[in-house]
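An overview of the molecular structure
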Amino acid sequence: MEPASPIVAQLHKALTEEFRSKQAPDLNTDSLEAARSNLDKDIEAAELAFRAYEAYASRELEALRLRRNQLVPISRLPNEILSSAFCFAVWGLNRYTASIQSLFTISSVCRAWRDVALQSPRLWTRLERLPLPLFSLLLTRSKQAPLDIVFDQEFERLTGESALSEYIALISQHARQWRTLIFCFPSFDEIMPLLPLPATHLKVLVLDCGSPLDVHGSDSLELFPHPFADHTPNLRELTLGAIFVPFTHPIYSNLVKLDIKNIEYGKLDSMKEFFQVLEASPLLEDLSLRFLVLSFPSVAGPSGLVSLPRLRALKLVFLQPIWAPAYFLSHLSVPSSAYLEIIGDTELGNDMSTILPPYSSTHRNLPNLSSITTLSIHVQDCTCAVRGSALEEELFFFEFVGDSLEDLETIVSSLGRVFPMPSLDSVFFLDFHLEVSDEANLELATACREFLVRHPTIKDLAFYDSHQSMLEILSTATPSLVCPQLESLIIERCPLSPKRLFDAVELRTTPRIAKAKDGGGSDSEMSNKCLLLVDIRGCPQFTKTHLSKLRKRVKVAYKKKAPRYSDESE
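Residues numbered from 1 in each chain as written. Predicted model: local features only at pLDDT ≥ 70, side-chain atom pairs only at ≥ 80, totals over all residues. Heavy atoms only, no water.

In the nomenclature of an unreviewed UniProt entry, the protein chain corresponds to F-box domain-containing protein from the organism Botryobasidium botryosum.

This is the structure in structure tokens:
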């Protein structure tokens, strides 16, 4: 053992003597007992001296470490910036449980970070499924900051034995702090105590007690005629599922987003009041109507078109009866750049004209469907999904469920008849292989051929996981050449024979060697024979010999393997 430093020895002696001087003198006359007593006091004094120095050294070390940490660049940031960084780190995670774990990890790194976290109420304002004590802790640390509260169907299962009413009792004391209130439960019995409370700062409200596919609410059941004491002045986003709030209620005022679903409307005045709500909503950007039933034979709409000048998205999903989608579209005027989404069943999808108003040359009240440049058509499990975009911005999505081959054929063949697409130059076919018979696939391919013939401007064509009959429509020039301006062809995981592909390429090209000798063809030849690229992926039937033969006429890209579902827009 190394000898102690003289300074340490002197310090120890001084501390020991100080503590020894404070002890009471020993009056014991027995020399042995007096010696033991003196040693015990010396030991006690030495221990006190050690603990005193240890405490002092610990404080000094802590102060030195703190001073050193303050020299780290992140510690030199203002607390406001550090707090913002914590918010991005915590709430940037997808899973709520991961966010909470990150929050407590950050607040445990050091005293400085903990102080910043505790002095940042907005870090603790997101309240979802948590055990009641932790839920209460976050609510306390949120202080007076706006709250984002979510009660979903997983909440009750994950909160253990604590009843939902206990959580409701906690948040009801902070009604003025609500910024977001999302309540998705099969029943609203538990939330009833919240509805009479005014929510002056509430911006986002979701009340949903219906299953995704069933209609539960009705305009004949006004369960909540005056929610939130008729006072939600800052509400901007509203979702009502299987619950009817009269359209005359001020809750619909100044909305930016409105989503109504799982409701049956049986009163004739309901739709009149609904359009009045839209007329008084000039700021509306997103309108969704899903799983609604209009249970009267017909209904008169407003006298003129209801203009929604700021609307960015209009979604009509499984509306009944058959005239419902066209009814809403006929009475709304939306910007040409708005996104349109329509999803329906066989009855709605067997002809596109049943869901769109009568076509006009301009579609003045609908999105500019005629500006579509790229179209994707996906057939799978008797479902036909169609996406259209222009300038890389998606403009519409249609999806219809067909119970028969005839329905799918009609959907495809009616695409070009119901609304022309004069600017269409790219089309993608996905999963055009029916698990029935070759004859059925041939009939579907015939409908696709008719569609392609109507759009001779197509320059890019792609087939993913499609039946060989789909590609064979390119290998014949009778009665006319399909896609005469085709420049690029993609074939991915398709059982097309190499010969059929070579026939299609031969119709659209001239031999490269001949071009080199005579200096190229005439303008008329080049306009009809302009195929420049064939991209083959995941088609092992093509050998090096086949590829070499193709390259004599056109540029060829080849990948032996291809992942499932390539990017549709590539």
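Quick word on the packing of helix H15 (residues 498-508) against helix H18 (residues 544-551)
Contact geometry for H15 and H18: axes closest at 11 Å, N-to-C directions at 5°. Our classification of the angle between H15 and H18 gives roughly parallel. Judged by residue contacts, Pro498, Leu501, Phe502 and Val505 of H15 engage His546, Lys549 and Leu550 from H18. Residue classes in the contact of H15 with H18 are distributed as five nonpolar, one polar and one charged. (Axes fitted to C-alpha atoms, helices over the stretch in contact; angles between N-to-C directions. Helix = DSSP H or I, 4+ residues; strand = E, 2+ residues; numbered from the N terminus. Parallel < 35°, antiparallel > 145°, perpendicular 65-115°, else oblique. Contact = heavy atoms within 4.5 Å. Nonpolar A, V, L, I, M, F, W, Y, C, P; charged D, E, K, R; others polar.)

Points about the confidence of the model for the protein chain
On average, residues of the protein chain carry a pLDDT of 80, and 80% of them reach 70 or more. Ignoring residues within four places in sequence, the model shows residues 514-518, a span with pLDDT below 50, making three contacts including any to other chains. Low pLDDT, under 50, characterises residues 521-528; the predicted model gives this stretch seven contacts beyond four residues in sequence or across chains. (pLDDT = per-residue confidence, 0-100.)

Some remarks on the packing of aromatic side chains
Applying the stated rule across the entire model yields 22 aromatic pairs. Each ring, one from phenylalanine 429 and one from phenylalanine 463, has its centre 5.4 Å from the other, and the planes form 10°; the classification is stacked. On the criterion of sequence distance, the pair formed by phenylalanine 429 in strand E16 (residues 426-430) and phenylalanine 463 in strand E17 (residues 460-464) is long-range, its members being 34 residues apart. Phenylalanine 463 matches phenylalanine 429 in its accessibility class, with the two residues each being buried. (Phe/Tyr/Trp six-rings, centres within 6.5 Å; stacked < 30°, edge-to-face > 60°. Buried < 20%, exposed > 50% of the residue type's maximum accessible area, 1.4 Å probe, protein only.)

Let's talk about the nonpolar core
Grouped together as the largest cluster of nonpolar side chains are 141 residues, with contacts concentrated most on Trp178 and Leu461. The contact partners of tryptophan 178, leaving out residues within four places of it in the chain, are Leu147, Ile149, Ile171, Ser172, Leu194, Leu197, Ala199, His201, Leu202 and Phe228. (Core = buried A, V, L, I, M, F, W, Y, C linked by side-chain atoms within 4.5 Å.)

Remarks on the pattern of salt bridges
If you walk through the whole model with that rule in mind, you get 14 salt bridges. Put simply, aspartate 148 and arginine 179 hold a salt bridge, and the shortest N to O gap is 2.6 Å. Here aspartate 148 is found in strand E2 (residues 147-151), whereas its partner arginine 179 is found in strand E3 (residues 178-184), with 31 residues between them in sequence. Aspartate 148 sits in the buried class, given a relative accessible area of 18%. Arginine 537 is paired through a salt bridge with glutamate 492; the nearest N and O atoms lie 3.2 Å apart. Residue arginine 537 is found in strand E19 (residues 533-537), and its partner glutamate 492 is found in strand E18 (residues 488-492); the two are separated by 45 residues along the sequence. (Salt bridge = Lys/Arg side-chain N within 4 Å of Asp/Glu carboxyl O.)

Considerations on the packing of helix H4 (residues 96-106) against helix H6 (residues 132-141)
Interaxial distance between H4 and H6 falls to 14 Å at its minimum, and their mutual angle equals 60°. Accordingly, the angle class assigned to the pair H4 and H6 is oblique. As for how H4 packs across H6, the hand of that crossing is left-handed. Here Tyr96, Ile100 and Phe104 of H4 come into contact with H6, specifically with Leu134, Leu137, Leu138 and Arg141. (Left-handed = near helix turned anticlockwise from the far one by under 90°.)

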